[in-house]
Amino acid sequence: MVDLYSPTPTDGYGTPTSALQTATENLIASHILPAGTGLQPELQKRFHFEFLLRNLRQGFPERYVSQDASQPWLIYWTLHGFSIFGAGLDDLTKKRSIETLLALQHPEGGFSGGPGQAAHLLPTYAAVCAFAVVGRPGEGGGWESINRKKLYEFFMSLKQPDGSFLVSHHGEVDVRGVYCLLAVATLLNILTPELLSGVPGFLASCQTYEGGFGNASFPGWAFETGPSNTYDPSAPRPPLGEAHGGYTFCATASWVILRSFIDLYHAPASPPTSISLPPAPRINTGALLRWCAQMQGLPIELGGFKGRTNKLVDGCYSWWVGGCFVLVEALLGVGAHHESPIEETAGEEAGHKAWDDVDDSLFNRKALQEYILLPGQHPAGGLRDKPPKGADAYHTLYCAAGLSAAQHRVVPSEPRKNAIISAWDAEQARAKDDTGLRTTSDAERAQLDALRRETFAHALSWTEEEGTALYVGGAGNRVNATHPLFNLTVTHTELMMAYFYGQTLPPRAAPPHAKK
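Keep in mind that this is a model prediction, so the values were computed, not measured. (Residues numbered from 1 in each chain as written. Predicted model: local features only at pLDDT ≥ 70, side-chain atom pairs only at ≥ 80, totals over all residues. Heavy atoms only, no water.)

1. Here we look at the overall build of the protein
Line of reasoning, step 1. Helix and strand content of the protein: 21 helices and six strands.
Line of reasoning, step 2. Across the 516 residues that make up the protein, the buried fraction comes to 52%.
Line of reasoning, step 3. Restricting the contact set of the protein to residue pairs at least 6 apart, pairs at least 24 apart contribute 77%.
Line of reasoning, step 4. Total accessible area on the protein is roughly 23,000 Å²; 55% of this is exposed by carbon and sulfur atoms. (Helix = DSSP H or I, 4+ residues; strand = E, 2+ residues; numbered from the N terminus. Buried < 20%, exposed > 50% of the residue type's maximum accessible area, 1.4 Å probe, protein only. Contact = heavy atoms within 4.5 Å. Areas by Shrake-Rupley, 256 points an atom, 1.4 Å probe, with all protein chains shown as cover.)

Written as structure tokens, this is what we have:
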């Protein structure tokens, strides 16, 4: 009889790495609930509320001094943590958060990690996401105080010839920075073709032989030769570094955001077209899916995710890899909601209903929830990498987001997208444009209008799939669903984007039922 919790096989030659893997497996396995007792894992929400509240009200412990350049992240991790756990925020907390975030807005655009520091793409994303949680339109609401024109100029000042972006002036290129830029530009309605030019090609060049994504690629412009010094997009651009969970999520989410731009501004693979457009870059989605699936741990690791091949499982990858699956599914066309057939025979209808309870997710959602609920919770509150480590703000947020991704299947809905497009007001969206970009022809303006409309409609088409919610330990462990592209609640995403695009969204259908 095969033991379900068999350890990782070894070749009999012990190394420090294999010893650490064995010790980690034994420690995680010690948190498995005894069989036959009927015990169920319980999400200790009250302890996690108290953990977040201590950080918010009393201030972060001394060890967080190393996060001085990450202050917007500390705010975002805390505020969005409350949102995922279903806790509302009082007006004073919102007011103080908004004032703190605005104090970190750089006069030349973007947000810095701390007072007097340089603007940087990563804290800019964290600040804007925090504004989505606590901000609102109107005086004192924070949204109107975001200087989008300066922000756009800051973004353009970081753009590199190969389509990548520096994370800050005199900083490095990193796909995490590209994701942060694209997410913010999408939320705030400052996406333009000049901003996005070359970005898909750069992202595609970061995919490694394993299928996941590295942090960057060797810049193609380094191969410029000849008197004209022209950039050759066909020059080799090998990826830098190994595939990694954080980079892979950021690259994949960026690719999904860019789909409308790729469709509108690149030549399709088929059929051939007479219009002169650059060829559409491609990524290997099959290899990407295989890499993501291989990152989920064995049963003895309780289905947690690791961030790299042959590394230990870590709770934060519950989101960075576990949250990546629905994005890959969207690229593969798996699980998306489509329009219902006009007519369906009784036999076909019965056949479809027979599959209603089948979980066709591409990762083990039950196992991931068990990892987060058993070894992932710290007894004093907060969530963690793995025992015996302590809880921290970063792991609390990304474990909670991973739990949300494992409980809820939020996928693109074609009917929802069509409803949003039907209600689209192009004139209002143009009026909200604060980039300063001027189109030179009616055709160019129509194409930019289409980019805004398609990006907006796709971003807000993500909908929880009916009947697929899964709560290990019962519905009492439920957390709120989070948007796969932005890691915000769908409600916060809709409110912010509707304001900055000047749109009125059609109402959503009633929330779906859950499976125990």
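2. What to know about the confidence of the model for the protein
Line of reasoning, step 1. Taken over all residues, the pLDDT of the protein has a mean of 91, while the share at 70 or more is 89%.
Line of reasoning, step 2. Every residue in residues 339–344 scores below 50 in pLDDT, and together they form five contacts with partners more than four places removed in sequence or on other chains. (pLDDT = per-residue confidence, 0-100.)

3. Some details on the packing of helix α12 (residues 285–294) against helix α14 (residues 325–332)
Line of reasoning, step 1. Their axes nearest at 10 Å, the elements α12 and α14 cross at an angle of 155 degrees. Taken as axis vectors, α12 and α14 run roughly antiparallel relative to one another. Judged by the twist between their axes, the crossing of α12 over α14 is left-handed. Taking contact as the criterion, the partners of Thr285, Leu288, Leu289, Cys292 and Ala293 in α12 are, on α14, Phe325, Val328, Leu331 and Leu332. (Axes fitted to C-alpha atoms, helices over the stretch in contact; angles between N-to-C directions. Parallel < 35°, antiparallel > 145°, perpendicular 65-115°, else oblique. Left-handed = near helix turned anticlockwise from the far one by under 90°.)

4. So, the packing of helix α7 (residues 175–187) against helix α21 (residues 490–501)
Line of reasoning, step 1. For the pair α7 and α21, interaxial distance at closest approach is 8 Å and the crossing angle is 65 degrees. Taking contact as the criterion, the partners of Ala185, Thr186 and Leu187 in α7 are, on α21, Thr493, Met496, Met497, Phe500 and Tyr501.
Line of reasoning, step 2. Looking at the contact of α7 with α21 residue by residue, the class counts come to six nonpolar, two polar and no charged. (Nonpolar A, V, L, I, M, F, W, Y, C, P; charged D, E, K, R; others polar.)

5. What to know about the packing of aromatic side chains
Line of reasoning, step 1. Considering all chains together, one arrives at 25 aromatic pairs under this definition.
Line of reasoning, step 2. Plain terms: the ring middles of Trp77 and Tyr394 are 5.5 Å apart, the flat faces sit at 75 degrees to each other, and that makes the pair edge-to-face. A residue pair is termed long-range when its members are at least 10 positions apart, and Trp77 in helix α3 (residues 71–85) and Tyr394 in helix α17 (residues 393–407) qualify at 317 residues.
Line of reasoning, step 3. The exposure class of Trp77 is buried, given its relative accessible area of 8%. (Phe/Tyr/Trp six-rings, centres within 6.5 Å; stacked < 30°, edge-to-face > 60°.)

6. Quick notes on the pattern of salt bridges
Line of reasoning, step 1. Counted by the stated rule, this structure contains 21 salt bridges.
Line of reasoning, step 2. The structure contains a network of salt bridges with shared partners spanning Arg430, Asp433, Asp449 and Arg452. (Salt bridge = Lys/Arg side-chain N within 4 Å of Asp/Glu carboxyl O.)

7. A look at the environment of His48
Line of reasoning, step 1. Tracing the sequence through the fold places His48 in helix α2 (residues 45–58).
Line of reasoning, step 2. For His48, a relative accessible area of 0% puts it in the buried group.
Line of reasoning, step 3. Separated by 335 residues in the primary sequence, His48 and Leu383 place their C-alpha atoms 7.7 Å from one another.
Line of reasoning, step 4. Not counting residues up to four positions away in its chain, the partners in contact with His48 are Leu43, Phe85, Gln377, Gly381, Gly382 and Leu383.
Line of reasoning, step 5. Here the side chain of His48 touches Gln377 through a polar contact of 2.7 Å, side chain to side chain.
Line of reasoning, step 6. At 2.9 Å, the side chain of His48 and the backbone nitrogen of Gly382 are in polar contact. (Polar contact = N/O pair within 3.5 Å; in protein donor to acceptor, adjacent residues only side chain to side chain.)

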